[in-house]
Amino acid sequence: VGDSPLRGAGYWAERDLIACCATGTGEFIIRAGLCADVRARRQAGASVAAATEGALEALTERFGVGKAGIISVGPNGDVSMPFHTTGMGRGVFRWDDPEPTVAVWPEES
């Protein structure tokens, strides 16, 4: 899944901690180990949103570009979908809410 499907870079899944997938400029995602960064932040106690947004911001600080996005899901169903691109297709469906959330552009989220 994804354009940089390397464990720790473009995806990570670990029971009771985090599952995430990254997309964007693959070279930077790979070099940063973007999803492993999300995982490390979660393991250190950050919320799903703080871990995901922090890793994305660290990528931008390190490489001076913001061409990536991450979809992360925590074990309790917490979802974070930040991105630093013009748009990123994303969606969430919850069993307790019959209306799915689907967006592409920032103002839709």
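Scroll up for the structure.
Residues numbered from 1 in each chain as written. Predicted model: local features only at pLDDT ≥ 70, side-chain atom pairs only at ≥ 80, totals over all residues. Heavy atoms only, no water.

(A) Molecular detail of the sheet that holds strand β4 (residues 79–80). Read from one edge of the open sheet, 4 strands run β1-β2-β3-β4, paired in antiparallel fashion. This sheet does not close on itself; its edge strands, each paired only once, are β1 (11–14) and β4. Sheet analysis places strand β2 (residues 18–24) next to strand β3 (residues 68–73), joined by 6 bridges and oriented antiparallel. If you follow Ala-19 over to β3, its bridge partner there is Val-73. The strands touched by helix α3 (residues 48–63) within the sheet are β2, β3 and β4, with β3 carrying the most contacts at an inclination of about 160 degrees. (Pairing = 2+ DSSP bridges. Helix = DSSP H or I, 4+ residues; strand = E, 2+ residues; numbered from the N terminus. Contact = heavy atoms within 4.5 Å. Axes fitted to C-alpha atoms, helices over the stretch in contact; angles between N-to-C directions.)

(B) Quick peek at the state of the cysteines. In total, this model carries 0 disulfides according to the counting rule given. The structure places no disulfide on Cys-21, whose sulfur is separated from the nearest cysteine sulfur, that of Cys-35, by 6.4 Å. Look at Cys-21 and you get partly exposed, because its relative accessible area is 25%. Free of any disulfide, Cys-35 has its nearest cysteine sulfur in Cys-20, 3.2 Å distant. We classify Cys-35 as buried; its relative accessible area is 0%. (Disulfide = S-S within 2.5 Å. Buried < 20%, exposed > 50% of the residue type's maximum accessible area, 1.4 Å probe, protein only.)

Read these as layout, nothing more, since geometry by itself doesn't imply function.
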